[in-house]
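One letter stands for each residue in the lines below.
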Amino acid sequence: MAFPVGLRRCQVLGLAGTSCLALGGRTAGALPARELLAPSSAHAVLGLVGVYFGLVLLTTAWVLLGRWVRGAEPPTPRALVLVLALWAAPLLIAPPLFSRDVYSYLAQGAMVDAHIDVYAHGPARLGGPLADEVAPLWRHTGAPYGPVFLAVAAALSGLTHGELPAGLLGMRLVALCGVALMAAALPRLARHSGADPAAALWLGALNPLVLLHLVAGAHNDAVMLGLLGVGLVAALGRHPVPATVLVTLAALVKVPAALGLAAVVVLQLRAGRRPLPAVLTTGAVCAATTVAATAVAGTGYGWTAALDTPVSPQNWALTSLLGRATGALLEHAGSDLAPLAVPAWHALGLAVVGVALVAIWWRLRPRPVYALGLSLAVVAAFGPAIRPWYALWGLFLIAASAPSTAVRPRTAAVAAVLALAVLPDGDPADAGRLLLAVCGGALAVVVLWQARLAAHAPGTPGRTA
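Residues numbered from 1 in each chain as written. Predicted model: local features only at pLDDT ≥ 70, side-chain atom pairs only at ≥ 80, totals over all residues. Heavy atoms only, no water.

This brings us to the overall build of the protein chain. Regarding its fold elements, the protein chain presents 19 helices and zero strands. A compact globule built from 465 residues should have a C-alpha radius of gyration of about 23 Å, and the protein chain, at 23 Å, falls within 12% of that. Oriented by its inertia axes, the alpha-carbon framework of the protein chain measures out at about 70 × 55 × 55 Å. When the 465 residues of the protein chain are sorted by exposure, 51% land in the buried category. If you take every contact in the protein chain between residues at least 6 apart in sequence, the share linking residues at least 24 apart comes to 74%. Of the roughly 20,500 Å² that the protein chain leaves accessible, carbon and sulfur atoms contribute 69%. Each charge class in the protein chain was averaged separately, 28 positive and 16 negative side chains, and the resulting centres sit 19 Å apart. (Helix = DSSP H or I, 4+ residues; strand = E, 2+ residues; numbered from the N terminus. Rg over C-alpha atoms; globule rule 2.2 N^0.38 Å. Buried < 20%, exposed > 50% of the residue type's maximum accessible area, 1.4 Å probe, protein only. Contact = heavy atoms within 4.5 Å. Areas by Shrake-Rupley, 256 points an atom, 1.4 Å probe, with all protein chains shown as cover. Lys, Arg positive; Asp, Glu negative; His and termini not counted. Charge placed at Lys NZ, Arg CZ, Asp CG, Glu CD.)

Written out as structure tokens, the structure is:
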């Protein structure tokens with residue numbers, strides 16, 4: 001396939017960015033415990049600078065690619081999928097980046113494989129090398145994931161026999177399958193919603209959050225979103241039973257996807273089906289799928305009680321921040337109500353979510369995919385816990401269904417900012433490492449600026465390309 005010069009430059013720039021991410025991650029990423037370096041060591045410092053250097057290159061390539069997508073001769077969806085594959089390639093062999101959650105996945109899969117109740121016990125009950133890789137905060141915490149994902153993790157544990165390198169690669173390939181499903185679903189969802197398929201792919205699959213957290217971080221949100229997207233495609237194609245099965249499987253990876261069942265029902269109503277049969281059929285198929293998946297996984301229904309898994313004390317969700325600030329003020333005032341501040345704000349956040357969901361679905365009934373995207377964005381924003389990759393829950397569907405082109409630049413700006421929010425080892429930032437990250441990003445800006453000046457210098461070959 002012949003690419004325009006501008007598109008080739010975006011490809012090369014993005015590939016350089018993910019290559020720097022992979023190389024920097026070898027010393028500054030979420031490495032296995034035996035390979036961790038002191039943050040002050042020279043290799044760790046160079047790795048951190050390299051990661052943020054690459055991150056700025058990747059984000060710049062993505063922004064420039066967005067200009068081509070909005071131009072007079074935009075690249076085809078197939079060309080964009082090839083760009084995604086090229087950018088993702090270096091990350092497939094990189095160590096885990098921006099989070100240690102993948103180690104929890106492997107430990108939980110080994111627990112299921114060993115017939116340990118993964119909902120009643122944390123990875124500490126498993127013991128051994130895998131449990132040692134899990135972040136201390138989560139070693140004694142039950143899994144909050146559904147039986148579908150745990151069945152996949154258990155199968156992977158059996159295949160890799162608990163070997164860490166093979167397990168990490170396997171979990172990343174699982175996440176990559178989820179990203180592939182997302183990329184397959186986005187153009188179809190966009191066409192049904194009257195949106196540009198290329199723009200949907202650019203924002204929904206090629207954005208840095210997907211590459212950093214779903215590919216490099218191997219988060220199971222990729223599987224959830226992939227199944228949800230394919231399920232919505234089936235629903236738009238007037239296949240409500242397969243759609244309900246797929247959306248239910250997505251919810252049995254992570255629960256927020258259950259909101260997709262509302263879209264399945266609404267799409268049946270739009271097709272002329274009566275409300276009661278639509279609701280009853282969807283409920284029955286969902287229940288049957290849940291029972292069958294749980295029986296196959298053999299994990300039981302403990303996941304329903306594990307949904308209140310505690311969040312990190314330093315979580316920066318809006319309601320958690322407000323709760324900690326309120327608690328500090330009450331404690332300073334000598335009030336006995338200080339311990340109730342965070343739970344009260346979390347409860348208020350859930351109430352806001354409930355009201356917002358009713359308002360969204362009432363107003364946007366004719367656009368159920370867009371309503372679902374906004375609903376998932378609200379759940380992520382006002383829930384008790386948030387991580388940068390949670391933004392992808394709503395962004396994925398907003399990219400495919402937003403009725404106004406003005407929504408996409410704003411959503412893209414949020415994605416670009418969140419891409420910078422976490423250090424490559426997933427640990428909280430301190431002043432020294434934050435400065436190093438800024439230096440890496442600033443160095444990339446200088447290099448890009450010099451490259452731009454050189455490209456526009458008089459007599460430069462290909463200046464008008």
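On to the side chain of Asp 221, then. By the element assignment, Asp 221 lies in helix H10 (residues 221–236). Residue class for Asp 221 comes out buried when judged on its relative accessible area of 0%. For Asp 221, the side chain forms a polar contact with the side chain of Lys 254, separated by 3.1 Å. Polar side-chain contacts of Asp 221 include one of 2.8 Å to the side chain of Trp 393. Excluding anything up to four places from it in sequence, Asp 221 contacts Leu 214, Lys 254, Trp 389, Tyr 390 and Trp 393. (Polar contact = N/O pair within 3.5 Å; in protein donor to acceptor, adjacent residues only side chain to side chain.)

Over its 16 residues, H10 runs 22 Å from end to end, which matches the ideal 22 Å to within 8%, given 1.5 Å per residue. Buried residues dominate H10, accounting for 15 of its 16 residues. Directly after H10, the chain includes Arg 238, whose backbone phi takes a positive value near 65°. (Expected span 1.5 Å × (residues − 1).)

A word on the packing of aromatic side chains. Throughout the structure, instances matching the rule amount to six aromatic pairs. A centroid spacing of 6.1 Å and a plane angle of 85° characterise the contact between Trp 389 and Tyr 390, whose relative ring orientation is edge-to-face. Tyr 390 shares its class with Trp 389; the two are buried. Taken together, Tyr 105, Tyr 145 and Phe 149 form an aromatic cluster joined through their ring pairs. Geometry around Trp 202 places Arg 70 over its ring, the cationic atom sitting 5.9 Å from the centre. The ring of Trp 362 carries Arg 365 above its face, with NZ or CZ at 4.4 Å from the centroid. (Phe/Tyr/Trp six-rings, centres within 6.5 Å; stacked < 30°, edge-to-face > 60°. Lys NZ or Arg CZ within 6 Å of the ring centre and 35° of its normal.)

Soluble globular proteins: nonpolar side chains tend toward being buried together. Ranked by size, the top nonpolar core spans 136 residues in total, and within it Trp 62, Leu 65, Trp 87 and Leu 397 carry the most contacts. The contact partners of Trp 62, leaving out residues within four places of it in the chain, are Trp 87, Trp 202, Leu 203, Leu 206, Asn 207, Pro 208, Ala 412, Ala 415 and Ala 416. (Core = buried A, V, L, I, M, F, W, Y, C linked by side-chain atoms within 4.5 Å.)

Attention shifts here to the environment of Val 265. Mapped onto the secondary structure, Val 265 falls in helix H12 (residues 260–270). Here Val 265 falls in the buried class, since its relative accessible area comes to 14%. What Val 265 contacts, discounting residues up to four positions off in sequence, is Ala 278, Val 279 and Thr 282.

All right, on to the pattern of salt bridges then. Throughout the structure, instances matching the rule amount to four salt bridges. Among the salt bridges present, the one from Asp 221 reaches Lys 254, with a minimum N-O distance of 3.1 Å. With Asp 221 in helix H10 and Lys 254 in the loop between helix H11 (240–251) and H12, this pair connects stretches of sequence that are 33 residues apart. Each member of the pair Asp 221 and Lys 254 is classed as buried. (Salt bridge = Lys/Arg side-chain N within 4 Å of Asp/Glu carboxyl O.)

Because an α-helix packs 3.6 residues into every turn, residues spaced three or four apart end up facing the same way. Burial analysis of helix H8 (residues 197–204) places eight of its eight residues in the buried class, which makes it a mostly covered element. Buried within H8 we find Pro 197, Ala 198, Ala 199, Ala 200, Leu 201, Trp 202, Leu 203 and Gly 204. The elements touched by buried residues of H8 are helix H2 (42–69), helix H3 (77–92), helix H7 (164–193), helix H9 (208–215), helix H17 (391–401) and helix H18 (407–418). The distance from a side-chain oxygen at the start of H8 to the backbone nitrogen of Ala 198 is 3.2 Å, and the residue carrying that oxygen is Asp 196.

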